[in-house]
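Results of the structural survey
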Amino acid sequence: MSCDNFDFDIDATASDAERINAIAGHYREIIKLIGEDPSREGLLKTPMRAAKAMWFATQGYRQSPKEILRQAIFGYAGSRMIVVKDIEFYSFCEHHILPFFGTISIGYIPDGAMVGLSKLPRLVNAVARKLQVQERLTAEVCREVAETLSVKGVIAFCSARHMCIQMRGVEKQMSSTDTIDYLGDFESNHALRQEFLAMIGK
Ligand SMILES: [Zn+2]
């Protein structure tokens, strides 16, 4: 494939552009293999559009959760729980490369520092936008906060719908999956976990 009239609406370097071109070439093959004609008019630009969409949706491979959090850490003397609720995310299940998406709520108990609130949604984005499973996404969010920020404890509750369940297989159309993970004070303190769940309305 050539790089001619490669019009980028996403942030990509020259070597990224080569990789996106290669992905588009593979999409073209997939379109053929499923029995379609990639040269019919409606599909002419589809491989490149799909490649760019995939590149965007997997931007987590090119981001550092720790760097995102470190951009806005402030000294803070408070010791009560801080909760950011219902952060939307979009991810791909690593077993079927089909979307799963939902919300994740994060609570932490500061230990001398807090993080700018807009950084937690960006952290979730970086952890979610790659091939993932919901359980690991929930655990990674906790671990990144615990490793980067000074906290006494961190907890995350995730609720998601999986297209690999809804579009295929058992077709339990409206089911959703909940996962929870926690570290530090939340591990030993049941009341603290209850307080968090009450704050997010669970
Ligand atoms: Zn799946």
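What counts and what doesn't
Residues numbered from 1 in each chain as written. Predicted model: local features only at pLDDT ≥ 70, side-chain atom pairs only at ≥ 80, totals over all residues. Core = buried A, V, L, I, M, F, W, Y, C linked by C-beta atoms within 7 Å. Buried ≥ 20, exposed ≤ 12 C-beta atoms within 10 Å, placed from the backbone. Helix = DSSP H or I, 4+ residues; strand = E, 2+ residues; numbered from the N terminus. Domains from an automatic or database assignment. Axes fitted to C-alpha atoms, helices over the stretch in contact; angles between N-to-C directions. Parallel < 35°, antiparallel > 145°, perpendicular 65-115°, else oblique. Left-handed = near helix turned anticlockwise from the far one by under 90°. Contact = placed C-beta atoms within 7 Å. Nonpolar A, V, L, I, M, F, W, Y, C, P; charged D, E, K, R; others polar. Pairing = 2+ DSSP bridges.

Glancing now at the nonpolar core. Membership of the largest hydrophobic core comes to 32 residues, with the highest contact counts inside it found for Ile104, Leu123, Val124, Val141, Val145 and Ala156. Looking at this core, the elements that each hand over two or more residues are helix H3 (65-70), strand E2 (82-93), strand E3 (99-110), helix H4 (119-128), helix H5 (134-148), strand E6 (151-162) and helix H8 (190-199). The biggest single contributor to this core is E6, with seven residues. Counting residues in each nonpolar core, the second largest holds seven residues, with Ile20, Ile23, Tyr27 and Trp55 among its members.

The next subject is unusual backbone geometry. We note that Asp86 has phi near 55 degrees; this positive angle belongs to a residue other than glycine. As for its position among the elements, Asp86 is in strand E2. Positive phi outside glycine occurs at Ile97, with the angle close to 50 degrees. By the secondary structure assignment, Ile97 is in the loop between E2 and E3.

Entries for the protein chain in the domain assignment read domain 1 (14-57) and domain 2 (66-199). With centres defined by C-alpha atoms, the gap from domain 1 to domain 2 works out at 32 Å.

Contact pair H4 / H5: the axes reach a minimum separation of 10 Å and the direction vectors enclose 135 degrees. Taken together, the axis directions place H4 and H5 in an arrangement best described as oblique. For the crossing formed where H4 meets H5, the hand is right-handed. Residues Leu123, Val124, Val127 and Ala128 of H4 lie in contact with H5, whose contacting residues are Leu137, Glu140, Val141 and Glu144. Class assignment for the residues of the contact of H4 with H5 results in six nonpolar, no polar and two charged.

Another aspect to go through is the sheet that holds strand E5 (residues 131-132). As summarised here, the arrangement of the five strands in space is E5-E2-E3-E6-E7, forming an open sheet in which the pairing is mixed. Two strands close off the open sheet at either side, each with one partner strand: E5 and strand E7 (177-184). Where E3 and E6 come together, 11 bridges link them in antiparallel fashion. Looking across to E6, one finds that Phe101 is bridged to Arg161. Relative to E2, H4 is tilted by about 20 degrees, and along the sheet it contacts E2, E3 and E5.

This part covers the environment of Glu29. With respect to the helices and strands, the residue Glu29 is situated in helix H1 (residues 14-33). Overall, Glu29 belongs to the exposed group, with 11 C-beta atoms counted inside 10 Å. Separated by 18 residues in sequence, Glu29 and Pro47 place their C-alpha atoms 9.0 Å apart.

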